Amino acid sequence: FFRSTKAIAAAFENGNFSGAKFYFSDLRGASFRGARLRSLQAVESNFRGADFRGADLSDAMFNLCSLRGAVYDQTTKLPFSPEEASLRGMELRSE
């Protein structure tokens, strides 16, 4: 459980955060490349510019979270459609 955590530009690559809870946290620019984030629960947290390329976000929930500028790729398992990802401000990157 992460509450009011400040982890700006933190490296969480390939970590297993399945079922983790991020409440009121600042994760701007954090890298979750290749991480397992299945069933993640995030509430009022800032993921602006975060890197989710190759991450598994299956069944994740982002309530009142900022995802503007967060990136994902074709291998990312999103909890919503690519259209919704775009509406939330996420960017598809191929590199």
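The structure presented is a predicted model; accordingly, all values stated were derived computationally and were not measured.

## Regarding the side chain of D56
Part 1 of the reasoning: Secondary-structure assignment places D56 in the loop between β3 (41–43) and β4 (61–63).
Part 2 of the reasoning: Classification of D56 by relative accessible area gives buried; the value is 10%.
Part 3 of the reasoning: A distance of 3.2 Å separates the side chain of D56 from the side chain of R38, its partner in a polar contact.
Part 4 of the reasoning: The residues touching D56, leaving out its near neighbours within four places in the chain, are A35, R36, L37, R38 and K77.

## Quick notes on the nonpolar core
Part 1 of the reasoning: Counting residues in each nonpolar core, the largest one holds 28 residues, and the members touching the most others are F32, L37, F47, F52, F62 and M90.
Part 2 of the reasoning: Beyond its immediate stretch of four places on either side in the chain, M90 contacts F52, L67, A70, Y72, L78, F80 and A85.

## Regarding unusual backbone geometry
Part 1 of the reasoning: Positive phi, normally seen in glycine, also occurs at S39, with a value near 60 degrees.
Part 2 of the reasoning: Mapped onto the fold, S39 is located in the loop between β2 (21–23) and β3.
Part 3 of the reasoning: Looking at S39, the relative accessible area reads 36%, which means it is partly exposed.
Part 4 of the reasoning: Its identity as a non-glycine residue notwithstanding, E44 has a phi of 45 degrees, on the positive side.
Part 5 of the reasoning: Here E44 falls in the partly exposed class, since its relative accessible area comes to 43%.

## Structural notes on the pattern of salt bridges
For side chains of opposite charge, pairing can occur when their charged atoms come near one another.
Part 1 of the reasoning: One pass over the full model with this rule turns up six salt bridges.
Part 2 of the reasoning: D26 is paired through a salt bridge with R28; the nearest N and O atoms lie 2.6 Å apart.
Part 3 of the reasoning: A salt bridge links R53 to D51, with the shortest nitrogen-to-oxygen separation between them at 2.6 Å. We note that R53, like D51, is buried.
Part 4 of the reasoning: Overlapping salt bridges, with partners in common, bring together R33, D51 and R53 in one network.

Reading guide: rules and limits
- Residues numbered from 1 in each chain as written.
- Predicted model: local features only at pLDDT ≥ 70, side-chain atom pairs only at ≥ 80, totals over all residues.
- Heavy atoms only, no water.
- Helix = DSSP H or I, 4+ residues; strand = E, 2+ residues; numbered from the N terminus.
- Buried < 20%, exposed > 50% of the residue type's maximum accessible area, 1.4 Å probe, protein only.
- Polar contact = N/O pair within 3.5 Å; in protein donor to acceptor, adjacent residues only side chain to side chain.
- Contact = heavy atoms within 4.5 Å.
- Core = buried A, V, L, I, M, F, W, Y, C linked by side-chain atoms within 4.5 Å.
- Salt bridge = Lys/Arg side-chain N within 4 Å of Asp/Glu carboxyl O.

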